[in-house]
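Each chain, written out:
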Amino acid sequence: SSDLCVPSWSTRRRYERPTWGPYWGRVAAKLGRPYMPWQQAAADIAGEVDERGRLCYNKFVVTVPRQSGKTTLLLPIVVGRAEAGEAFGGRQNMLYAAQTRTAAAKKWNDDYVYRINAAKVMRGRTKTRVALGTERVTFFASASTFGPVPTKEDSVHGEVVDFGALDEAFAQVDNRVQAAWRPAMSTRPMAQICMVSTMGDAKAIWFNGQISDARQAVKDDTGFGTCYVEYSAPADATNYGDPELWRSCMPALGITQNVEFIASEFREMPLNDFRRAYLNQQVDASTDQVLDA
(Lines give C-alpha, C1' and ligand atoms only; values in the text may rest on other atoms or scores of the structure.)
Protein backbone atom coordinates (compact mmCIF):
# COMPACT_ATOMS: atom_id res chain seq x y z
CA SER A 1 0.00 0.00 0.00
CA SER A 2 1.04 3.61 -0.36
CA ASP A 3 3.35 5.14 2.21
CA LEU A 4 0.66 7.81 2.48
CA CYS A 5 -1.74 5.29 4.01
CA VAL A 6 -1.42 5.61 7.75
CA PRO A 7 -4.09 5.02 10.38
CA SER A 8 -6.33 7.97 11.13
CA TRP A 9 -6.45 6.64 14.71
CA SER A 10 -4.16 4.08 16.30
CA THR A 11 -3.04 2.98 19.72
CA ARG A 12 0.67 3.66 20.08
CA ARG A 13 3.01 0.71 19.63
CA ARG A 14 5.20 0.38 22.71
CA TYR A 15 8.41 -1.05 21.32
CA GLU A 16 9.80 -1.89 24.75
CA ARG A 17 7.10 -4.56 25.08
CA PRO A 18 7.33 -8.07 23.63
CA THR A 19 4.46 -8.91 21.31
CA TRP A 20 2.83 -11.95 19.74
CA GLY A 21 2.45 -9.98 16.51
CA PRO A 22 5.51 -11.42 14.71
CA TYR A 23 4.39 -14.95 15.62
CA TRP A 24 0.94 -14.29 14.19
CA GLY A 25 2.65 -12.85 11.12
CA ARG A 26 4.61 -16.08 10.65
CA VAL A 27 1.39 -18.07 11.01
CA ALA A 28 -0.21 -15.86 8.35
CA ALA A 29 2.64 -16.64 5.98
CA LYS A 30 2.37 -20.37 6.69
CA LEU A 31 -1.35 -20.19 5.91
CA GLY A 32 -0.51 -18.72 2.52
CA ARG A 33 -1.70 -15.16 3.13
CA PRO A 34 1.19 -13.12 4.57
CA TYR A 35 0.10 -10.12 6.54
CA MET A 36 -0.14 -6.83 4.70
CA PRO A 37 1.80 -4.02 6.43
CA TRP A 38 -1.32 -2.65 8.11
CA GLN A 39 -2.28 -6.08 9.43
CA GLN A 40 1.17 -6.72 10.85
CA ALA A 41 1.22 -3.32 12.53
CA ALA A 42 -2.21 -3.93 14.07
CA ALA A 43 -1.27 -7.44 15.24
CA ASP A 44 1.92 -6.11 16.81
CA ILE A 45 -0.11 -3.72 18.96
CA ALA A 46 -2.85 -6.20 19.86
CA GLY A 47 -0.26 -8.83 20.77
CA GLU A 48 1.70 -6.74 23.27
CA VAL A 49 2.29 -8.44 26.64
CA ASP A 50 3.19 -7.10 30.08
CA GLU A 51 5.95 -8.18 32.43
CA ARG A 52 3.94 -11.28 33.39
CA GLY A 53 3.61 -12.28 29.74
CA ARG A 54 -0.11 -11.49 29.64
CA LEU A 55 -1.84 -9.55 26.90
CA CYS A 56 -2.02 -5.85 27.69
CA TYR A 57 -5.24 -5.34 25.76
CA ASN A 58 -8.34 -7.40 26.46
CA LYS A 59 -10.23 -5.58 23.71
CA PHE A 60 -9.02 -4.97 20.16
CA VAL A 61 -11.15 -2.77 17.87
CA VAL A 62 -10.34 -2.45 14.17
CA THR A 63 -12.29 -0.49 11.58
CA VAL A 64 -11.11 -0.49 7.97
CA PRO A 65 -12.74 -0.11 4.54
CA ARG A 66 -14.41 -3.12 2.99
CA GLN A 67 -12.27 -5.92 1.60
CA SER A 68 -9.17 -4.72 3.43
CA GLY A 69 -8.40 -8.11 4.98
CA LYS A 70 -10.35 -8.45 8.22
CA THR A 71 -10.55 -12.25 7.89
CA THR A 72 -6.89 -12.63 7.04
CA LEU A 73 -6.03 -10.49 10.07
CA LEU A 74 -8.02 -12.64 12.49
CA LEU A 75 -7.42 -16.15 11.14
CA PRO A 76 -3.69 -16.30 12.04
CA ILE A 77 -4.56 -15.14 15.57
CA VAL A 78 -7.09 -17.96 15.92
CA VAL A 79 -4.75 -20.59 14.47
CA GLY A 80 -1.77 -19.22 16.36
CA ARG A 81 -3.60 -19.41 19.68
CA ALA A 82 -4.66 -22.97 18.97
CA GLU A 83 -1.22 -24.16 17.90
CA ALA A 84 0.52 -22.53 20.88
CA GLY A 85 -2.23 -23.46 23.32
CA GLU A 86 -0.18 -23.67 26.54
CA ALA A 87 1.35 -20.24 25.97
CA PHE A 88 -2.18 -18.81 25.93
CA GLY A 89 -3.38 -20.71 28.98
CA GLY A 90 -4.10 -24.15 27.54
CA ARG A 91 -7.08 -25.27 25.48
CA GLN A 92 -8.64 -22.27 23.75
CA ASN A 93 -12.38 -21.77 23.39
CA MET A 94 -12.68 -19.27 20.54
CA LEU A 95 -15.93 -17.81 19.27
CA TYR A 96 -17.10 -15.99 16.17
CA ALA A 97 -20.18 -13.77 15.85
CA ALA A 98 -21.52 -11.55 13.09
CA GLN A 99 -24.81 -9.83 12.25
CA THR A 100 -26.87 -12.97 13.02
CA ARG A 101 -26.25 -16.61 13.90
CA THR A 102 -26.96 -17.57 10.27
CA ALA A 103 -24.63 -14.91 8.88
CA ALA A 104 -21.91 -15.92 11.35
CA ALA A 105 -22.15 -19.59 10.41
CA LYS A 106 -21.93 -18.77 6.69
CA LYS A 107 -18.95 -16.42 7.03
CA TRP A 108 -17.22 -18.82 9.43
CA ASN A 109 -17.59 -21.66 6.92
CA ASP A 110 -16.92 -19.68 3.73
CA ASP A 111 -14.00 -17.62 5.03
CA TYR A 112 -12.33 -19.27 8.02
CA VAL A 113 -12.95 -22.98 7.52
CA TYR A 114 -12.27 -22.71 3.80
CA ARG A 115 -8.91 -21.02 4.39
CA ILE A 116 -7.90 -23.49 7.10
CA ASN A 117 -8.73 -26.46 4.87
CA ALA A 118 -7.01 -24.87 1.88
CA ALA A 119 -3.73 -24.39 3.74
CA LYS A 120 -1.34 -27.30 3.17
CA VAL A 121 0.31 -26.71 6.54
CA MET A 122 -3.00 -27.41 8.32
CA ARG A 123 -3.73 -30.78 6.71
CA GLY A 124 -4.30 -33.40 9.35
CA ARG A 125 -4.22 -30.81 12.14
CA THR A 126 -7.94 -30.08 12.47
CA LYS A 127 -11.39 -31.62 12.41
CA THR A 128 -14.45 -29.65 11.31
CA ARG A 129 -18.09 -30.09 12.29
CA VAL A 130 -20.62 -28.26 10.19
CA ALA A 131 -23.91 -29.64 11.53
CA LEU A 132 -26.27 -26.80 12.34
CA GLY A 133 -25.86 -25.64 15.91
CA THR A 134 -22.67 -27.61 16.55
CA GLU A 135 -20.31 -25.99 14.05
CA ARG A 136 -16.69 -25.87 15.18
CA VAL A 137 -13.13 -26.44 14.12
CA THR A 138 -11.12 -28.51 16.59
CA PHE A 139 -7.33 -28.16 16.54
CA PHE A 140 -5.59 -31.40 17.49
CA ALA A 141 -2.48 -29.67 18.88
CA SER A 142 -4.31 -28.33 21.93
CA ALA A 143 -7.95 -29.52 21.61
CA SER A 144 -8.80 -25.86 21.07
CA THR A 145 -12.01 -25.00 19.23
CA PHE A 146 -13.32 -22.16 17.09
CA GLY A 147 -16.95 -21.81 16.04
CA PRO A 148 -19.86 -19.45 15.38
CA VAL A 149 -22.33 -18.46 18.10
CA PRO A 150 -25.57 -16.47 18.22
CA THR A 151 -25.55 -12.83 19.24
CA LYS A 152 -27.54 -13.48 22.41
CA GLU A 153 -26.95 -12.77 26.09
CA ASP A 154 -26.92 -16.47 26.97
CA SER A 155 -24.92 -17.68 23.96
CA VAL A 156 -21.98 -18.89 26.10
CA HIS A 157 -23.74 -19.59 29.39
CA GLY A 158 -21.62 -21.89 31.55
CA GLU A 159 -18.55 -21.73 29.26
CA VAL A 160 -15.18 -20.07 29.55
CA VAL A 161 -14.06 -18.02 26.56
CA ASP A 162 -10.49 -17.20 25.51
CA PHE A 163 -11.01 -15.29 22.30
CA GLY A 164 -14.07 -13.74 20.71
CA ALA A 165 -14.21 -12.25 17.21
CA LEU A 166 -17.16 -9.95 16.55
CA ASP A 167 -17.35 -9.31 12.81
CA GLU A 168 -19.46 -6.61 11.12
CA ALA A 169 -19.83 -4.98 14.52
CA PHE A 170 -21.69 -2.02 12.97
CA ALA A 171 -24.76 -4.28 12.70
CA GLN A 172 -25.00 -4.94 16.45
CA VAL A 173 -27.92 -3.18 18.10
CA ASP A 174 -26.67 -3.34 21.68
CA ASN A 175 -24.03 -4.68 24.07
CA ARG A 176 -25.39 -8.24 24.32
CA VAL A 177 -22.34 -9.96 22.78
CA GLN A 178 -19.85 -8.26 25.09
CA ALA A 179 -22.22 -8.83 28.00
CA ALA A 180 -22.20 -12.56 27.23
CA TRP A 181 -18.50 -12.93 26.52
CA ARG A 182 -16.80 -10.76 29.14
CA PRO A 183 -17.88 -12.71 32.25
CA ALA A 184 -16.89 -15.94 30.49
CA MET A 185 -13.38 -14.49 30.01
CA SER A 186 -12.84 -13.41 33.59
CA THR A 187 -10.78 -16.44 34.63
CA ARG A 188 -8.77 -16.79 31.43
CA PRO A 189 -5.23 -15.33 31.47
CA MET A 190 -5.00 -14.31 27.78
CA ALA A 191 -8.61 -13.45 27.00
CA GLN A 192 -9.31 -10.95 24.24
CA ILE A 193 -12.35 -9.65 22.37
CA CYS A 194 -11.68 -8.45 18.83
CA MET A 195 -14.22 -6.28 17.02
CA VAL A 196 -13.70 -5.77 13.29
CA SER A 197 -15.98 -3.76 11.08
CA THR A 198 -16.47 -1.11 8.46
CA MET A 199 -18.10 2.04 9.81
CA GLY A 200 -21.85 2.14 10.17
CA ASP A 201 -24.32 4.90 9.44
CA ALA A 202 -26.35 6.91 11.94
CA LYS A 203 -28.38 3.81 12.80
CA ALA A 204 -25.25 2.02 14.08
CA ILE A 205 -25.67 3.66 17.47
CA TRP A 206 -23.96 0.94 19.49
CA PHE A 207 -20.89 0.61 17.25
CA ASN A 208 -20.56 4.38 16.90
CA GLY A 209 -20.37 4.44 20.68
CA GLN A 210 -17.65 1.80 20.60
CA ILE A 211 -15.71 3.95 18.13
CA SER A 212 -16.00 6.99 20.39
CA ASP A 213 -14.81 4.99 23.40
CA ALA A 214 -11.90 3.50 21.45
CA ARG A 215 -10.77 6.88 20.16
CA GLN A 216 -10.84 8.15 23.73
CA ALA A 217 -8.67 5.20 24.74
CA VAL A 218 -6.13 6.29 22.10
CA LYS A 219 -6.13 9.77 23.61
CA ASP A 220 -5.80 8.44 27.17
CA ASP A 221 -2.83 6.31 26.07
CA THR A 222 -2.78 4.10 29.17
CA GLY A 223 -1.30 1.10 27.35
CA PHE A 224 -3.91 -1.29 28.75
CA GLY A 225 -7.55 -2.24 28.22
CA THR A 226 -8.60 -1.26 24.68
CA CYS A 227 -6.38 -0.94 21.63
CA TYR A 228 -7.74 0.61 18.47
CA VAL A 229 -6.82 0.89 14.80
CA GLU A 230 -8.86 2.95 12.32
CA TYR A 231 -8.26 3.65 8.63
CA SER A 232 -10.69 6.23 7.25
CA ALA A 233 -10.89 9.32 5.10
CA PRO A 234 -11.04 12.64 6.96
CA ALA A 235 -14.55 13.64 7.98
CA ASP A 236 -14.28 16.87 5.98
CA ALA A 237 -12.99 15.22 2.78
CA THR A 238 -15.13 15.95 -0.27
CA ASN A 239 -12.93 14.67 -3.12
CA TYR A 240 -14.56 11.25 -2.88
CA GLY A 241 -13.52 10.13 -6.38
CA ASP A 242 -9.85 11.07 -6.04
CA PRO A 243 -7.51 8.06 -6.11
CA GLU A 244 -5.10 9.98 -3.88
CA LEU A 245 -7.79 10.11 -1.19
CA TRP A 246 -8.35 6.39 -1.63
CA ARG A 247 -4.64 5.68 -1.25
CA SER A 248 -4.57 7.69 1.97
CA CYS A 249 -7.20 5.60 3.74
CA MET A 250 -7.38 2.18 2.04
CA PRO A 251 -4.50 0.07 3.41
CA ALA A 252 -5.08 -2.82 0.97
CA LEU A 253 -5.08 -0.65 -2.16
CA GLY A 254 -2.25 -1.72 -4.41
CA ILE A 255 -1.95 -5.07 -2.64
CA THR A 256 -5.25 -6.95 -2.80
CA GLN A 257 -7.32 -4.10 -4.29
CA ASN A 258 -6.72 -2.02 -7.40
CA VAL A 259 -7.64 1.51 -8.38
CA GLU A 260 -9.63 0.44 -11.44
CA PHE A 261 -12.03 -1.65 -9.38
CA ILE A 262 -12.53 1.10 -6.79
CA ALA A 263 -13.16 3.56 -9.61
CA SER A 264 -15.90 1.31 -11.01
CA GLU A 265 -17.44 1.05 -7.54
CA PHE A 266 -17.40 4.84 -7.24
CA ARG A 267 -19.23 5.19 -10.55
CA GLU A 268 -21.87 2.57 -9.79
CA MET A 269 -22.59 2.83 -6.05
CA PRO A 270 -24.74 5.44 -4.28
CA LEU A 271 -22.35 8.01 -2.83
CA ASN A 272 -23.26 7.29 0.80
CA ASP A 273 -22.69 3.58 0.30
CA PHE A 274 -19.33 4.19 -1.35
CA ARG A 275 -18.18 6.53 1.39
CA ARG A 276 -19.05 4.08 4.12
CA ALA A 277 -17.73 1.00 2.31
CA TYR A 278 -14.47 2.29 0.85
CA LEU A 279 -13.64 5.55 2.62
CA ASN A 280 -14.83 4.12 5.95
CA GLN A 281 -16.65 7.30 6.86
CA GLN A 282 -19.49 7.52 9.34
CA VAL A 283 -22.35 8.81 7.21
CA ASP A 284 -25.89 9.85 7.96
CA ALA A 285 -28.48 7.31 6.88
CA SER A 286 -30.71 9.81 5.10
CA THR A 287 -28.39 12.48 3.72
CA ASP A 288 -24.93 12.75 2.26
CA GLN A 289 -23.59 14.51 5.36
CA VAL A 290 -20.81 13.06 7.45
CA LEU A 291 -21.85 12.72 11.07
CA ASP A 292 -20.64 15.58 13.21
CA ALA A 293 -18.01 14.38 15.67
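Up top is the structure.
The notes below deal with the structure included here. Since this is a predicted model, take the numbers as computed values, not measurements. (Residues numbered from 1 in each chain as written. Predicted model: local features only at pLDDT ≥ 70, side-chain atom pairs only at ≥ 80, totals over all residues. Heavy atoms only, no water.)

Structural notes on the overall build of the protein chain
The number of helices and strands found in the protein chain is 9 helices and 9 strands. Here the protein chain has a C-alpha radius of gyration of 18 Å; the compact-globule value for 293 residues is 19 Å, and the two agree. For the protein chain, the residues scored as buried account for 53% of the 293 residues in total. Taking the intrachain contacts of the protein chain between residues at least 6 apart in sequence as the baseline, contacts between residues at least 24 apart amount to 71%. A total of about 13100 Å² of accessible surface is found on the protein chain, and carbon and sulfur atoms cover 51% of it. (Helix = DSSP H or I, 4+ residues; strand = E, 2+ residues; numbered from the N terminus. Rg over C-alpha atoms; globule rule 2.2 N^0.38 Å. Buried < 20%, exposed > 50% of the residue type's maximum accessible area, 1.4 Å probe, protein only. Contact = heavy atoms within 4.5 Å. Areas by Shrake-Rupley, 256 points an atom, 1.4 Å probe, with all protein chains shown as cover.)

Structural notes on the pattern of salt bridges
Summed over all chains, the structure comprises 14 salt bridges. One salt bridge in this structure joins Arg17 and Glu48, with 2.8 Å as the shortest N-O distance. Taken together, the positions of Arg17 in the loop between strand S1 (9-10) and helix H1 (21-30) and Glu48 in the loop between helix H2 (37-46) and strand S2 (57-63) put the pair 31 residues apart, joining distant regions of the chain. The class of Arg17 is buried, set by a relative accessible area of 12%. (Salt bridge = Lys/Arg side-chain N within 4 Å of Asp/Glu carboxyl O.)

Considerations on the nonpolar core
Of all hydrophobic cores here, the largest spans 51 residues; its most connected members are Trp38, Phe60, Val79, Tyr96, Phe139, Phe146 and Phe163. In terms of residue count, the dominant contributor to this core is helix H3 (residues 70-83) (7 residues). When residues no more than four places from it in sequence are discounted, the contact partners of Phe60 are Ala42, Ala46, Leu73, Gln192, Ile193, Cys194, Met195, Cys227 and Val229. In terms of nonpolar packing, the next biggest core, distinct from the first, is built from 22 residues, Val177, Ala180, Ala191 and Ala214 among them. (Core = buried A, V, L, I, M, F, W, Y, C linked by side-chain atoms within 4.5 Å.)

A few points about the environment of Gly225
Relative to the helices and strands, Gly225 is located in strand S9 (residues 225-230). C-alpha of Gly225 to C-alpha of Cys56: the two residues are 169 residues apart in sequence and 6.6 Å apart in space. Here Gly225 is in contact with Cys56, Tyr57, Asn58 and Lys59, once residues within four sequence places are set aside.

Here we look at the side chain of Asn93
Position of Asn93 among the secondary structure elements: in strand S3 (residues 93-97). With a relative accessible area of 8%, Asn93 lands in the buried category. For Asn93, the side chain forms a polar contact with the side chain of Thr145, separated by 3.4 Å. (Polar contact = N/O pair within 3.5 Å; in protein donor to acceptor, adjacent residues only side chain to side chain.)

Let's talk about the pairing of S3
With respect to burial, S3 is a largely interior element, 5 of its 5 residues being buried. In S3, alternate side chains face the same way, and those of Asn93, Leu95 and Ala97 on one face and Met94 and Tyr96 on the other are all buried. Relative to strand S6 (residues 144-148), S3 runs parallel, the two sharing 4 bridges. Within S6, the residue paired with Leu95 across the bridge is Gly147. Pairing of S3 with strand S7 (residues 163-167), which is carried by 4 bridges, proceeds in the parallel orientation. Of the residues in S7, the one forming a bridge with Tyr96 is Ala165. (Pairing = 2+ DSSP bridges.)

Side note on the sheet that holds S7
In space, the 9 strands of this open sheet follow the order S1-S9-S2-S8-S7-S3-S6-S5-S4, with mixed pairing throughout. Only two strands of the sheet have a single neighbouring strand rather than two, namely S1 and strand S4 (126-129). Those strands touched by H3 are S2, S3, strand S5 (136-139), S6, S7 and strand S8 (192-197), and its axis lies near 165 degrees from that of S7. (Axes fitted to C-alpha atoms, helices over the stretch in contact; angles between N-to-C directions.)

Quick look at the packing of H1 against H2
Where H1 meets H2, the axes come as close as 7 Å, and the angle between the chain directions of the two elements is 140 degrees. In terms of axis orientation, H1 runs oblique to H2. On H2, the residues touching Gly21, Pro22, Trp24 and Gly25 of H1 are Gln40, Ala43, Asp44 and Ala46. For the contact of H1 with H2, the residue count by class is 4 nonpolar, 3 polar and 1 charged. (Parallel < 35°, antiparallel > 145°, perpendicular 65-115°, else oblique. Nonpolar A, V, L, I, M, F, W, Y, C, P; charged D, E, K, R; others polar.)

Considerations on the pairing of S2
Of all 7 residues in S2, 6 are buried, a share of seventy percent or more. In this sheet, S9 lies alongside S2 in parallel orientation, the contact comprising 6 bridges. Within S9, the position partnered with Tyr57 by the bridge is Gly225. Examined bridge by bridge, S2 and S8 share 5 bridges and lie parallel to one another. Note that in S8 the partner of Val61 across the bridge is Met195.

Observations regarding unusual backbone geometry
Of note in this structure, Gln67 is not a glycine but carries a positive phi near 60 degrees. Mapped onto the elements of the fold, Gln67 is located in the loop between S2 and H3. Judged by its relative accessible area of 52%, Gln67 is exposed. Its identity as a non-glycine residue notwithstanding, Ala143 has a phi of 65 degrees, on the positive side. Mapping Ala143 onto the fold places it in the loop between S5 and S6.

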